[in-house]
Amino acid sequence: MAANMYRVGDYVYFENSSSNPYLIRRIEELNKTANGNVEAKVVCLFRRRDISANLNTLADSNARDFEEESKQPSMLEQQKHQLKHRELFLSRQFESLPATHIRGKCNVTLLNETDVLTGYLEREDCFFYSLVFDPVQKTLLADQGEIRVGSKYQAEIPDKLDDVDSDSRVQEKLETKVWDPNNQLKDPQIDQFLVVARAVGTFARALDCSSSIRQPSLHMSAAAASRDITLFHAMDTLQKNGYDLAKAMSTLVPQGGPVLCRDEMEEWSASEAMLFEEALEKYGKDFNDIRQDFLPWKSLASVVQFYYMWKTTDRYIQQKRLKAAEADSKLKQVYIPTYTKPNPNQISAPGSKPGMNGATGYQKGLSCESCHTAQSQQWYAWGPPNMQCRLCASCWIYWKKYGGLKTPTQLEGATRTGSDAAPRGHMTRQEVQGMSPFTSSAGRAKLLAKNRQTFILQTTKLTRIARRVCQDILQSHRAARRPYASINANAVKAECMIRLPKAAKGAMKNRIIPRPSLINIVKELALQAPLKLKAPRGAPTPINRNQVNQPRSTSALLGKRPFDNAGGHSLSTNGRPFALGMRAATQSVIKRQKVSQGDAPNPVVFVATKDTRALRKHLTQAEKRRAARKPHLPVRIKLPVPPRPLPVPIIPSSTSEPIVLED
């Protein structure tokens, strides 16, 4: 019963998602809504997975400094990994959550120099914090509540001098005397002088215009003149004048008028006091934030002095009474029954055969991603659905409470060869989500195979008819040469619906193309690309995606075919003859580099040259269509043989026989 009773100030688990870890919050208020439900106003605490990588680096540096200063015992790598799951970051962000989402209590404490970090791992539901996270500014700061002990914060007291030793220090540089109790005045004389000082202060406020507006009545001016600032001024006057009452009286009332001494309570206006009360309600006694956000024109010393003077006023007493009455009217505790609904991430029913997955679509024999066990009474799906990862019952509870796994996974950068391999450091949620599946060649094939699905684009019957009916609009052979240019499919479809009744009257000419058998295709492919032994490959060289402007070999790009002629003149892909040292595609014995979709470079646009356009004129329309449908096959062009030029006789003047120059 007591375990399900939650009070103000408790640290509790909140569940906002069935698959994500619990949220850790501190209950500030328990309010009952109009429809009878209970809402909890809570303070947010964040985990390491909730902050950015830069802030995680800053937190790691702070943790190393703490371990060096407190001289923590050495820990194993797995203990360091799990200890990061116990670290939280306090914030000043508030939110309201339904009390029915509470899933249990936890213990959160401020990290002290005397604490042993391994002690947090030995206790369940135990967390610590040492830094404050600002979700708006995205910053981490040290908590103001830390204990500042050491030579940096405390003065070093020198040893006591003996009676025979003399003090060689200069007293004027060390301290200033403000009052001498062994003066010649008696206590009644000092009290009379203080009464005169108060009277002078009251008269000075009557002469001052701003003070007369703030304290319009006589008793308010007298009360302001009786404050400590007036008494301190009177005692300082006695000290400066050598405790001579006549000189002190003349100093209180100089020729220019009486001296007016005002403290922070009188210097601050009513609007500034209201701003201070509002800031105190929001930030508490964090005077740096109060000054920065609400009163930037005030100094920090002025804010602190005003706070302690404000606590002596009736305003403070009234607010304290109002808060006490408001706290009595609010709920002090709430009972939340134990949450017993099944989790949707369960992949096998309780009581099933241990070590086997009962959910449809999950492979049998998979182990736990955290502890690598193969047997558990209950399994839970974890991570992306296409990865088919799962956790056992104990690791699932650890994941929900502490926001991580007992050992790092491959997504967290661990290169495990076994269950005892050393894990890497903790990674944030942003790093895991931002990881590309192409970062490592080892896991690239597995991720691509599961993330990519095969699809087939098949044209409809109306589309095939539109290609014939609207051939002048569609211009299929031109569109095949320019795949990057868009086609107005709506206009073609509309024109096809208009022309279709007229075209139906005449019979369309369809030519049946004989399809070769699969055996002939395989034989032809084997002749074109003979089988070669694979050479041993070294480490894969990553493709730099920034090298777009570098010249690339045309044979290394897919989707581009060579043009060959029947006369034996080999032409490159741009229609120009091969230069010396270049090899035609049909003569190449080097296996083409296969570029996967993930490693493919940026899109490349090919523009046909004049020579290529001239070669296309020698192709029939059927050959163009066949080449567009099968871009992977080479195209053979039969160029017409030019007529042989006639020999030109040249008759020199010195000889009688002609010399024939043949081409």
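The structure this text deals with has already been given above.
Described below are features of the structure shown in this document.

Calculation notes
- Residues numbered from 1 in each chain as written.
- Predicted model: local features only at pLDDT ≥ 70, side-chain atom pairs only at ≥ 80, totals over all residues.
- Heavy atoms only, no water.
- Patch = residues over 30% accessible without salt bridge, like charges linked within 9 Å, V, L, I, M, F, W, Y side chains within 5 Å.
- Areas by Shrake-Rupley, 256 points an atom, 1.4 Å probe, with all protein chains shown as cover.
- Salt bridge = Lys/Arg side-chain N within 4 Å of Asp/Glu carboxyl O.
- Lys, Arg positive; Asp, Glu negative; His and termini not counted.
- Charge placed at Lys NZ, Arg CZ, Asp CG, Glu CD.
- Helix = DSSP H or I, 4+ residues; strand = E, 2+ residues; numbered from the N terminus.
- Buried < 20%, exposed > 50% of the residue type's maximum accessible area, 1.4 Å probe, protein only.
- Pairing = 2+ DSSP bridges.
- Axes fitted to C-alpha atoms, helices over the stretch in contact; angles between N-to-C directions.
- Parallel < 35°, antiparallel > 145°, perpendicular 65-115°, else oblique.
- Contact = heavy atoms within 4.5 Å.
- Nonpolar A, V, L, I, M, F, W, Y, C, P; charged D, E, K, R; others polar.
- Disulfide = S-S within 2.5 Å.
- Phe/Tyr/Trp six-rings, centres within 6.5 Å; stacked < 30°, edge-to-face > 60°.
- Lys NZ or Arg CZ within 6 Å of the ring centre and 35° of its normal.

**Quick word on a positive patch on the surface**
Okay, so step 1: Side chains of Arg468, Arg515, Arg626, Arg629 and Lys630 sit close together on the surface and give a patch of like positive charge.
Okay, so step 2: Note that Lys630 resides in the loop between helix 24 (621-629) and strand 14 (635-637).
Okay, so step 3: On the basis of relative accessibility, which here comes to 32%, the residue Lys630 falls in the partly exposed class.

**Quick look at the pairing of strand 6 (residues 102-110)**
Sheet faces and side chains relate simply in a regular strand, where the side chains alternate between the two faces.
Okay, so step 1: Two strands pair when backbone bridges link them, and strand 2 (residues 11-14) and strand 6 are joined in this way by 4 bridges, in the antiparallel orientation. Its bridge partner being in strand 6, Tyr11 is matched across the sheet by Cys106.

**Examining unusual backbone geometry**
Okay, so step 1: Even without glycine at this site, Asp125 takes up a positive phi of about 55°.
Okay, so step 2: Topologically, Asp125 is positioned in the loop between helix 3 (118-122) and strand 7 (126-134).
Okay, so step 3: The residue His372 is not glycine, and still its phi comes out positive at about 65°.
Okay, so step 4: Along the chain, the position of His372 falls in the loop between strand 9 (333-335) and strand 10 (379-382).
Okay, so step 5: Judged by its relative accessible area of 26%, His372 falls in the partly exposed class.

**With respect to the packing of helix 11 (residues 270-283) against helix 13 (residues 300-310)**
Okay, so step 1: Between helix 11 and helix 13, the least distance of the axes is 12 Å, while the angle of their chain directions is 90°. The angle between helix 11 and helix 13 places the two elements in the roughly perpendicular class. Across the interface between the two elements, Ala273, Phe276, Glu277 and Leu280 of helix 11 pack against Val303, Phe306, Tyr307 and Trp310 of helix 13.
Okay, so step 2: Its residues assigned to classes, the contact of helix 11 with helix 13 shows 7 nonpolar, no polar and 1 charged.

**Comments concerning the state of the cysteines**
Okay, so step 1: One pass over the structure, following the stated rule, counts 0 disulfides.
Okay, so step 2: Cysteine Cys392 shares no disulfide, and the gap to the nearest cysteine sulfur, in Cys395, comes to 3.4 Å.
Okay, so step 3: Cys470 forms no disulfide, and the closest cysteine sulfur to it belongs to Cys496, at a distance of 4.8 Å.

**A word on the side chain of Asp289**
Okay, so step 1: Residue position: Asp289 is located in helix 12 (residues 287-293).
Okay, so step 2: Excluding residues within four positions of it along the chain, Asp289 makes contact with Arg92, Tyr283 and Phe294.

**A few points about the packing of aromatic side chains**
Okay, so step 1: On inspection of all chains with the given rule, the structure shows 19 aromatic pairs.
Okay, so step 2: With centroids separated by 4.0 Å and ring planes inclined at 5°, the aromatic side chains of Trp268 and Phe306 adopt a geometry described as stacked. You can see Trp268 sitting in the loop between helix 10 (264-267) and helix 11 and its partner Phe306 sitting in helix 13, a full 38 residues away along the chain. Each member of the pair, Trp268 as well as Phe306, carries the same accessibility label: buried.
Okay, so step 3: Between the aromatic rings of Trp310 and Tyr316, the centroid separation amounts to 5.3 Å while the plane-to-plane angle is 75°, which identifies the pairing as edge-to-face.
Okay, so step 4: Classification of Trp310 by relative accessible area gives buried; the value is 4%.
Okay, so step 5: Put simply, the rings of Trp268, Phe276, Phe287, Phe306, Tyr307, Tyr308, Trp310 and Tyr316 pair up and form one aromatic cluster.
Okay, so step 6: If you follow Lys41 out to its NZ or CZ, it ends over the ring of Phe94, 5.1 Å from the centre.
Okay, so step 7: In this structure, Arg390 is placed above the aromatic ring of Trp379, and the distance from its NZ or CZ to the ring centre is 3.5 Å.

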